[in-house]
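Given next are the chains, with one letter for each unit.
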Amino acid sequence: FLFLTELRCMTNDNNNNKRKADTMTNMDADGVYNVAFMTSGGLAPCLSSSIAQLIGYWVAALQDGKIKGVKFFCYLDGYKGILQGDSFVVPEETWKECDKLNYLGGSPIGNSRVKLTNIKDCIARGLCKEGEDPLEVAAQQLIKDKINVLHTIGGDDTNTQAAVLSKYILDQHGGKVVVVGMPKTIDNDVYPIVQTFGADTAAQQGAVFFENVVSESTANPRMLILHEVMGRDSGYLTSATAKAYRERLSKQAFVPGFSTSKETRDVHAIWIPELPLDIEKEGQRLKKVMDKNGCVNVFFGEGSGVHEIIAEMEKNGEEVPRDAFGHVALAKINPGAYFAKHLAQLVNAEKTLVQKSGYFGRSAAANEFDRNLIGKCAEVGVASAIEGVSGCMGQDEDKEGTPIRAIEFERIKGGKPFNIEEPWFQTILKEIGQA
């Protein structure tokens, strides 16, 4: 999320009116906005484009006379950069060049996963010294750099941390922090936002990825291909990737009589956290597919089967690995290996291939759909910053017409499940024989 932060020193009661005016304009005494950017969390096809479009709308506000001046700072590697004071200023002569960032993947200023309230972790990673509070270190750095506005582009964890930081600065340093977030996550699992940045691009890229990988079904008899898609709590990306892939497959021409066909290259199963999984029953169904086609292609979300795997680990007395935020470290418990072991036996596969499209998809540049969505939210976000309105930018699904607005932070949270009743999803399940 991008966060717009106003730091104000408190004065005596005689200056109440002046403080109110300063708060509303959210700028320094000379009328110049010191605007900083920070990207945090995992990659998504939106980080570079968000910075490009935010800079563009700030420059437009300057040209339109809505602000008197602006200066852009970039903190490197997320909260790590703030804690260590590692930043650079974007030269004015390169502002026009920043539009090129729209067409780059990754982050042009680097990411990291840092939880400011996890003091032990911050000290262990050398981000602050023993006895220091990361929140205080971060607050002091922003004050030292005279930052008026901090744009943080990240997921719901980043948003939570920024809200905590803004409250800390208000409580401990008498400054008001205006926070305006931008929703970045390919999982598309943030309440109450209709569509998060990068999710559409990641789905399209995942389809391109599997379009090549599926050819491996011709490399060996009775081949089982497991396509692992990112999505800790939500099956949106897995489902949307399957939809995008099948749309591409429908346009592919085949020659009758050859062993490779639309049927052999189709998606044969979609497993997501929102759908109960009876692997024994699915194994029986997919065994018939294997016997007929000589291959089975399964799309599964990385969060699928996690509860079963954790239960098995705990039963065996194994420690469940978790990250700094307390999330289960999915890469270490390896759902793909779990499914490969169990399903391969059930369908009598001769060879099993597990392929992950997550890094391929999330590192792409934003597509046209996401660039347009980012642009609309960036425009409203800059306007909200100037007006001093806090919130997370996005299409508010709880409001009539789902308008793009600064959504109140107390309403923002992750873990929103995919709606399995979506007509297009139910159609896919029926077409592949899963429903």
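Bear in mind that the values here come from a model prediction, so they are computed numbers and not experimental data.

## Some points on the nonpolar core
Inference 1: Counting 68 residues, the largest nonpolar core has Phe37, Trp58 and Phe72 as its most contacted members.
Inference 2: The element best represented in this core is helix α2 (residues 47–63), accounting for 8 residues.
Inference 3: Each residue touching phenylalanine 37, except ones within four places of it in the same chain, is listed here: Ile51, Leu54, Ile55, Phe72, Phe73, Cys74, Tyr75, Ile109, Leu150 and His151.
Inference 4: Leu286, Val296, Leu330 and Val347 belong to the second-largest nonpolar core, a separate cluster that totals 26 residues.

## Topic: the state of the cysteines
Inference 1: Taken as a whole, this structure holds 0 disulfides when the rule is applied.
Inference 2: Cysteine cysteine 377 shares no disulfide, and the gap to the nearest cysteine sulfur, in cysteine 392, comes to 8.2 Å.
Inference 3: Look at cysteine 392 and you get buried, because its relative accessible area is 0%.

## Examining the pattern of salt bridges
Inference 1: For the coordinates displayed, the defined rule picks out 16 salt bridges.
Inference 2: Salt-bridge contacts for arginine 246 lead to glutamate 431; the nearest nitrogen and oxygen are separated by 2.8 Å. In this pair, arginine 246 sits in helix α8 (residues 236–249) while glutamate 431 sits in helix α16 (residues 423–431), placing the two residues 185 residues apart along the sequence.
Inference 3: Take arginine 246: its relative accessible area is 14%, and that puts it in the buried class.
Inference 4: Judged by its relative accessible area of 52%, glutamate 431 falls in the exposed class.
Inference 5: Between aspartate 291 and lysine 287 there is a salt bridge; the shortest N-O distance is 3.1 Å. Note that aspartate 291 and lysine 287 are positioned in helix α10 (residues 279–293) at a spacing of 4 residues, about one turn of the helix.
Inference 6: Judged by its relative accessible area of 46%, aspartate 291 falls in the partly exposed class.
Inference 7: Through salt bridges with shared partners, a single network forms among Asp396, Asp398, Arg405, Glu408 and Arg411.

## Some remarks on the confidence of the model for the protein chain
Inference 1: Residues with a pLDDT of 70 or more make up 92% of the protein chain, whose mean pLDDT is 89.
Inference 2: Every residue in residues 1–25 scores below 50 in pLDDT, and together they form 88 contacts with partners more than four places removed in sequence or on other chains.

## Some details on the sheet that holds strand β10 (residues 391–395)
Inference 1: Within the open sheet, the 7 strands sit side by side as β3-β2-β1-β4-β5-β10-β11. Their pairing is mixed. Each of the sheet's edge strands pairs with one partner strand only, and the pair in question is β3 (87–89) and β11 (404–407). Ignoring strand direction, the axes of neighbouring strands in this sheet form an average angle of 25°.
Inference 2: Sheet topology places strand β5 (residues 180–183) next to β10; 2 bridges connect them, and they run parallel. If you follow glycine 181 over to β10, its bridge partner there is cysteine 392.

## Some details on the sheet that holds strand β6 (residues 223–229)
What holds strands together in a sheet is hydrogen bonding between their backbones, with the strands either parallel or antiparallel.
Inference 1: Strand order across the open sheet formed by 4 strands is β7-β8-β6-β9, with parallel pairing between neighbours. On the outer flanks of this sheet lie β7 (269–271) and β9 (351–356), each paired with one strand and no other. For this sheet, the mean angle separating the axes of adjacent strands, direction not counted, is 20°.
Inference 2: Of the strand pairs in this sheet, β6 and strand β8 (residues 295–301) are connected by 7 bridges, and their pairing is parallel. In the sheet register, histidine 227 faces β8, and the bridge partner there is phenylalanine 299.
Inference 3: Running at roughly 165° to β6, helix α7 (residues 199–213) makes contact with β6, β8 and β9 of the sheet.
Inference 4: The strands that α10 touches are β6, β7 and β8; relative to β8, the one it contacts most, it runs at about 145°.

Basis of the calculations
Residues numbered from 1 in each chain as written. Predicted model: local features only at pLDDT ≥ 70, side-chain atom pairs only at ≥ 80, totals over all residues. Heavy atoms only, no water. Core = buried A, V, L, I, M, F, W, Y, C linked by side-chain atoms within 4.5 Å. Buried < 20%, exposed > 50% of the residue type's maximum accessible area, 1.4 Å probe, protein only. Helix = DSSP H or I, 4+ residues; strand = E, 2+ residues; numbered from the N terminus. Contact = heavy atoms within 4.5 Å. Disulfide = S-S within 2.5 Å. Salt bridge = Lys/Arg side-chain N within 4 Å of Asp/Glu carboxyl O. pLDDT = per-residue confidence, 0-100. Pairing = 2+ DSSP bridges. Axes fitted to C-alpha atoms, helices over the stretch in contact; angles between N-to-C directions.

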